[in-house]
Amino acid sequence: MLQSTTIPLAVLLFPGGVFAVALGLMLKGMDRRLAARLQGRIGPPLAQPFYDLVKLARKRTMVPDIAAEPVFLGAPLIGAASMLLAAALVPIAGVYTPDPILGDLLVLLYLLAVPAVVLMVAGSASGSPFGAIGFSREMALMLAYEGPLVLVVATVALRVGSFSIADIIAYQQVHGAFLFDPMMWPALAAFLAFYPANLGIIPFDIPEAETEVLEGPLLEYSGPALGLFKVMSALKAVVVLGLGIALFWPSAPDSGALGILAHLAKLIVMMLLGVTVLRVSMGRMRIDQAFHFFLKWPLALSVLSLVIVACA
Amino acid sequence: MTLLQTLNEKAKQIAVRSPWIYRINAGSCNGCDVECATTALIPRYDVERLGCQYCGSPRHADIVLITGPLTARIKDDVLRVFAEVPDPKVTVAVGVCPISGGIFRESYAVHAPVDQYLPVDVNVPGCPPRPQAIIEGIAQAIAIWRERI
């Protein structure tokens with residue numbers, strides 16, 4: 001009885017839902033602001049992503065004549081919904097542990113692949129040649145970064161002996177965070193390379209390259225449908241960074257408010273250092289360079305860490 | 001009803017803080033485009049603090065900047081791209097060419113003024129206009145857009 005009320009709450013209100021959307025938009029705002037400052041500009045207000053979303057909600061959604069309309073309009077819905085569910089699966093150490101009924105780390109891995117698939121579907125359903133280019137690049141990039149991610153997650157799960165998110169948090173609260181454990185550093189490095197690619201941040205924003213393929217799959221979207229994609233990407237930032245915190249850095253004070261604050265601080269550090277600084281200091285890679293990079297370094301590092309953990 | 005109206009009014013106020021800009025080059029010599037792209041919208045003048053953002057796709061746009069005298073060759077394409085911008089939208093003619101044809105006005109190959117074919121809301125004259133003038137034009141466009149969104 002208790003579960004049936006807390007799960008919708010978790011998906012729609014607190015760690016997922018409203019809270020995660022607001023958090024994700026806030027992180028995006030901070031990212032844009034810091035990027036502007038690093039480029040010597042003043043930059044937009046912190047709440048700019050909220051303004052953008054309200055604006056998009058008031059615009060018209062246009063569907064291209066050659067688009068497959070149900071797929072074209074359904075894709076953003078599926079993407080946003082999957083990330084909403086995934087946000088409820090991400091724990092906040094000391095505050096929130098996802099209900100095992102919702103799923104474990106493997107479910108989270110599958111949900112994390114949905115936005116990339118949705119972008120591919122959206123790009124090809126739009127009928128635009130830029131969307132098709134975005135489709136093929138997204139697919140290549142996804143093949144390259146999913147492998148390291150799975151191996152990183154497997155490494156952590158092997159170390160802890162469980163795929164349950166609650167167990168992983170509990171293990172690290174007893175034995176110390178993996179962030180400070182040299183044995184886990186190769187996996188950590190692989191994860192640090194993975195998340196800019198998953199979030200579509202500049203050295204790896206190849207599928208959506210704005211100056212090159214005009215945001216690829218998003219090119220034909222407008223109005224509320226585009227807004228849903230913005231919500232999806234804001235939620236994805238919260239989910240992916242939250243996953244990183246859960247895997248490597250869940251040490252936190254036990255009390256509720258302090259736990260949330262610690263989680264927020266970690267998210268902000270990961271966003272600003274791992275995303276903003278990276279994206280303003282690098283140029284975009286070509287798809288073949290990114291593909292080779294992921295199959296060389298992160299994959300090797302994650303295999304290495306899996307071997308170390310398996311032998312230890 | 002009144003609550004709905006206040007909410008609607010509030011949403012309108014928030015929405016105008018996010019004007020996204022799209023540029024159409026209607027056969028311009030590139031002078032105005034350089035002013036738009038590198039001078040008016042990059043570090044020194046930074047209209048991103050007004051919430052503006054350049055977008056690569058006409059479908060994302062709210063404010064359309066048109067430069068150039070609308071050459072015969074490109075006219076149909078310009079009209080087609082303009083139709084792809086979802087309503088509500090505001091159009092700004094940047095430079096003297098879209099306003100009157102400028103130095104090309106007698107030419108058989110241009111169709112200026114642009115407002116014969118598109119509803120132009122703001123004119124920013126100049127050859128090319130100063131960045132400050134372009135920013136003022138964008139600010140006026142935002143004021144007009146507030147009435148439409």
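Everything here concerns the structure above.
Once a new chain begins, its residue numbering starts again from 1 and follows that chain's sequence as written. For this description, chains carry letters from A and ligands carry numbers from 1, given in the order in which they are written. Under the rules for a predicted model, residues below a pLDDT of 70 receive no local features and side-chain atom pairs below 80 are neither given nor counted, while totals for whole chains, interfaces and linings still include all residues. Each side-chain value is worked out from all heavy atoms of the structure, with water and hydrogens disregarded.

(A) Fine view of the overall build of chain A. A run of H or I in DSSP counts as a helix once it spans at least four residues, and a run of E counts as a strand once it spans at least two, with each numbered from the N terminus. A count of helices and strands for chain A gives twelve helices and zero strands. Starting at the N terminus and walking to the C terminus, you meet the elements of chain A as α-α-α-α-α-α-α-α-α-α-α-α. Referenced to the eigenvectors of the C-alpha coordinate spread, the extents of chain A come out at roughly 55 × 45 × 40 Å. The classification of residues rests on relative accessible area computed with a 1.4 Å probe and restricted to protein chains. Under 20% of the type maximum is buried, over 50% is exposed, and intermediate values are partly exposed. The buried share of chain A, taken over its 312 residues, is 53%. By definition in these notes, contact holds between two residues if any of their heavy atoms fall within 4.5 Å. Considering only contacts within chain A whose residues lie at least 6 apart along the sequence, 79% involve residues at least 24 apart.

(B) Up close: the packing of aromatic side chains. The pairing test for Phe, Tyr and Trp rings, Trp by its six-membered ring, is centres within 6.5 Å, and the orientation test on the planes gives stacked under 30 degrees, edge-to-face over 60, and tilted for anything in between. With the rule as written, the count across this model stands at eight aromatic pairs over all chains. An angle of 65 degrees between the planes, with centres 5.5 Å apart, marks the rings of A:Tyr145 and A:Phe194 as edge-to-face. In this pair, A:Tyr145 sits in helix 6 (residues 129–160) while A:Phe194 sits in helix 8 (residues 185–199), placing the two residues 49 residues apart along the sequence. Its relative accessible area of 1% is what places A:Tyr145 among the buried residues. Arranged with centres 4.8 Å apart and planes meeting at 75 degrees, the rings of A:Tyr221 and A:Phe229 form a pair that is edge-to-face. The class for A:Tyr221 is buried, based on a relative accessible area of 0%. Here the aromatic residues A:Tyr145, A:Phe191, A:Phe194, A:Tyr195, A:Phe248, A:Phe293 and A:Phe294 are joined through ring pairs into a cluster of three or more. Distance and angle both matter: a charge sits over a ring if NZ of Lys or CZ of Arg is within 6 Å of the ring centre and within 35 degrees of the ring normal. Geometry around B:Tyr54 places B:Arg23 over its ring, the cationic atom sitting 4.7 Å from the centre.

(C) Representation of the packing of helix 7 (residues 165–175) of chain A against helix 10 (residues 223–248) of chain A in the model. Residues and elements named next belong to chain A. Axis angles are defined between N-to-C directions and span 0 to 180 degrees, where every axis is a line fitted to C-alpha atoms and, for a helix, only to the segment in contact. Running from N to C, helix 7 and helix 10 cross one another at 50 degrees; their axes reach a closest spacing of 8 Å. It follows that helix 7 is oblique to helix 10 by the angle criterion. On the side of helix 7, the interface is formed by Ile168, Ile169 and Gln172, while helix 10 contributes Ala246, Leu247 and Phe248. Think of it as three bins: nonpolar holds Ala, Val, Leu, Ile, Met, Phe, Trp, Tyr, Cys and Pro, charged holds Asp, Glu, Lys and Arg, and polar takes everything else, Gly as well. Its residues placed into classes, the contact of helix 7 with helix 10 shows five nonpolar, one polar and no charged. An angle below 35 degrees is treated as roughly parallel, one above 145 as roughly antiparallel, one from 65 to 115 as roughly perpendicular, and anything else as oblique.

(D) Molecular detail of the pairing of strand 4 (residues 90–94) of chain B. Residue and element names in this part refer to chain B. The buried fraction of strand 4 amounts to five of the five residues, a majority that puts the element mostly inside the structure. Neither face of strand 4 is open: one carries Val90, Val92 and Val94, the other Thr91 and Ala93, and all of them are buried. Two strands pair when backbone bridges link them, and strand 3 (residues 63–67) and strand 4 are joined in this way by five bridges, in the parallel orientation. When the sheet's bridge partners are listed, Thr67 is paired in strand 4 with Val94. By definition, the crossover connecting two strands over a helix is right-handed if that path, from the first strand to the second, turns clockwise as seen with the strands pointing away from the viewer. A crossover links strand 3 with its parallel partner strand 4, the connecting element being helix 3 (residues 75–83), and its sense is right-handed. Here strand 4 runs beside strand 5 (residues 122–124); their pairing, made up of three bridges, is parallel. Considered in strand 5, the bridge of Ala93 is made with Asn123. Paired strands are those between which DSSP finds at least two bridges.

(E) Fine view of the sheet that holds strand 5 of chain B. Taken in spatial order, the five strands make up an open sheet running 2-1-3-4-5 (chain B), and their pairing is parallel. Because the sheet does not close on itself, it has two edges, and the strands there are strand 2 (53–54) and strand 5 of chain B.

(F) Geometry of the nonpolar core. Working definition of a nonpolar core: buried Ala, Val, Leu, Ile, Met, Phe, Trp, Tyr and Cys residues. They are joined through side-chain atoms within 4.5 Å. Ranked by internal contacts, the top residues of the largest apolar core, which has 101 residues, are A:Phe191, A:Tyr195, A:Leu247 and A:Phe248. The residues touching A:Leu247, leaving out its near neighbours within four places in the chain, are A:Leu105, A:Val152, A:Val153, A:Val156, A:Ile168, A:Gln172, A:Phe178 and A:Phe191. Formed by 22 residues, the second largest nonpolar core is a distinct cluster that contains B:Ile63, B:Ile134, B:Ala141 and B:Trp145.

(G) Region of the structure containing empty space enclosed by the protein. Residues and elements named next belong to chain A. Cavities and pockets are found on a 1 Å grid laid over the protein atoms alone: a cavity is a set of points where a 1.4 Å probe fits but cannot escape, a pocket is an open set with protein on both sides within 12 Å along at least five of seven lines, and a lining residue has an atom within 4 Å of such a point. Grid points are joined across faces, edges and corners, and a volume is the space filled by probe spheres set on the points. Using the criterion set out here, one finds one cavity of 30 Å³ or more in the structure. By volume, the largest cavity is sized at about 70 Å³. Pro15, Phe19, Ala20, Leu23, Ala87, Val90, Pro91, Ile92, Val238 and His263 are the residues that line the largest cavity. Broken down by element, the lining of the largest cavity gets its largest block of residues, three residues, from helix 2 (residues 17–38).

(H) Highlighting the state of the cysteines. Residue and element names in this part refer to chain B. Whenever a pair of cysteine sulfur atoms sits within 2.5 Å, that pair is classed as a disulfide. Scanning the model with the defined rule gives zero disulfides over all chains in all. Here Cys36 is not cross-linked by a disulfide; its sulfur's nearest cysteine counterpart is in Cys32, at 6.7 Å. Residue Cys36 is classed as buried on the basis of its relative accessible area of 0%. Cysteine Cys97 shares no disulfide, and the gap to the nearest cysteine sulfur, in Cys127, comes to 5.9 Å.

(I) How the structure looks around the interface of chain B and chain A. Chain B puts 31 residues into the contact, and the matching count from chain A is 29 residues. Both sides of the chain B and chain A interface together cover about 2500 Å² of buried area, and 52% of this is carbon and sulfur. Summed over both partners, buried area is the accessible surface (1.4 Å probe) that two parts give up on being assembled. When residues of chain B are sorted by the area they lose upon contact with chain A, B:Glu48, B:Arg59 and B:His60 head the list and together hold 26% of the total. Salt bridges, as used here, are contacts in which a Lys or Arg side-chain nitrogen is within 4 Å of a carboxyl oxygen on Asp or Glu. Applying the counting criterion to the chain B and chain A interface returns four salt bridges.

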